[in-house]
Amino acid sequence: VQLQASGGGLVQAGGSLRLSCAASARTFSSYGMGWFRQAPGKERDVVAAINWSGGSTYYADSVKGRFTISRDNAKNLVYLQMNSLKPEDTAVYYCAAKGGRSSIGLANRDQYDYWGQGTQVTVSS
């Protein structure tokens, strides 16, 4: 599975961005998908995740109410809509794919099998 993330950029605090992740898998709907982020000097942490159907989602506490994850299985795409951005959201954002249709482990970085290259999000104050 190849993943290509896009949509990052520079935005002022309070602004919005939408990240997209395109997947090459013919069986895209068999994968759970997650967005993770890594700031300089910090670990890569989960931001949001979604199961194969979109019926189950997970959000880190720091982004609840501001970010929305969604997917379009017909187009092999997963999105992360980010609103009310804060300087602390600045990081490289990665999309990742987790094999299987179970929702267990969606928030666990170690459960993901495939990773995209990352896209930089910078929020200025």
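Scope of this entry: the structure provided in the associated data block. (Residues numbered from 1 in each chain as written. Predicted model: local features only at pLDDT ≥ 70, side-chain atom pairs only at ≥ 80, totals over all residues. Heavy atoms only, no water.)

### So, the side chain of Asn51
For clarity, the cut-off: Put simply, DSSP H or I for four residues or longer makes a helix, DSSP E for two residues or longer makes a strand, and each gets a number counted from the N terminus. Side-chain atoms alone can form a polar contact between residues adjacent in sequence; in general such a contact is a pair of N or O atoms within 3.5 Å, and within protein one must be able to donate a hydrogen while the other accepts it. Note on contacts: a residue pair qualifies if any of its non-hydrogen atoms lie within 4.5 Å across the two residues.
As for its placement among the helices and strands, Asn51 is situated in the loop between strand 5 (45-50) and strand 6 (57-59). At a separation of 3.0 Å, a polar atom in the side chain of Asn51 contacts the main-chain amide nitrogen of Gly54. Excluding residues within four positions of it along the chain, Asn51 makes contact with Tyr31, Gly32, Ser56, Arg71, Ser103 and Leu106.

### Thoughts on the pattern of salt bridges
To be explicit about the condition: Definition used for salt bridges: Asp or Glu carboxyl oxygen within 4 Å of a side-chain nitrogen of Lys or Arg. Accessible area is worked out with a 1.4 Å probe on protein chains only. A residue is then buried under 20% of its type maximum, exposed over 50%, and partly exposed in between.
Taken as a whole and assessed by the stated rule, the structure comprises 3 salt bridges. The salt bridge involving Lys64 is made with Asp61; its shortest N-O contact spans 3.1 Å. Using a relative accessible area of 64% as the deciding quantity, one classes Asp61 as exposed. Overlapping salt bridges bring together Arg37, Arg66 and Asp89 as one network.

### Remarks on the state of the cysteines
Threshold: We call a pair of cysteine sulfur atoms a disulfide when they lie within 2.5 Å.
For the structure shown, the criterion picks out 1 disulfide. With its sulfur 2.1 Å from that of its partner, Cys21 forms a disulfide with Cys95. In this structure the cystine formed by Cys21 and Cys95 twists about its S-S bond by roughly 60°; its chirality is therefore right-handed. Of this pair, Cys21 sits in strand 3 (residues 17-23) while Cys95 sits in strand 9 (residues 91-99), and the two are 74 residues apart along the sequence. Each member of the pair, Cys21 as well as Cys95, is classed as buried.

### Topic: the packing of aromatic side chains
Quick reminder of the rule: Stacked, tilted and edge-to-face pairs are distinguished by plane angle, under 30 degrees for stacked and over 60 for edge-to-face with tilted covering the rest, among Phe, Tyr and Trp rings (Trp via its six-membered ring) whose centres lie within 6.5 Å. Placement of a charge over a ring requires the Lys NZ or Arg CZ to be within 6 Å of the ring centre, with the centre-to-atom vector within 35 degrees of the ring normal.
If you walk through the whole model with that rule in mind, you get 4 aromatic pairs. A ring pair is formed by Phe36 and Trp115, whose centres lie 4.8 Å apart and whose planes are at 55°; its orientation type is tilted. Taken together, the residues span a long stretch of sequence, with Phe36 in strand 4 (residues 31-38) and Trp115 in strand 10 (residues 114-115) at a distance of 79 residues. The exposure class assigned to Phe36 is buried, which follows from its relative accessible area of 0%. Ring geometry for Tyr112 versus Trp115: centroids 6.2 Å apart, planes at 55°, classification tilted. Counting every residue linked through ring pairs, the aromatic cluster contains Phe36, Tyr112 and Trp115. A cation over a ring is seen here: Arg44 above Tyr94, with NZ or CZ 3.6 Å from the ring centre. Across the ring face of Trp52, the terminal group of Arg101 is positioned such that the distance to the ring centre comes to 3.9 Å.

### Quick word on the environment of Trp35
Along the chain, the position of Trp35 falls in strand 4. Taking the relative accessible area as the measure of exposure, Trp35 reaches 0% and is therefore buried. Taking the C-alpha atoms as reference points, Trp35 and Asn83, 48 residues apart in sequence, are found 15 Å from one another. Side-chain polar atoms of Trp35 contact the backbone oxygen of Tyr79, separated by 3.5 Å.

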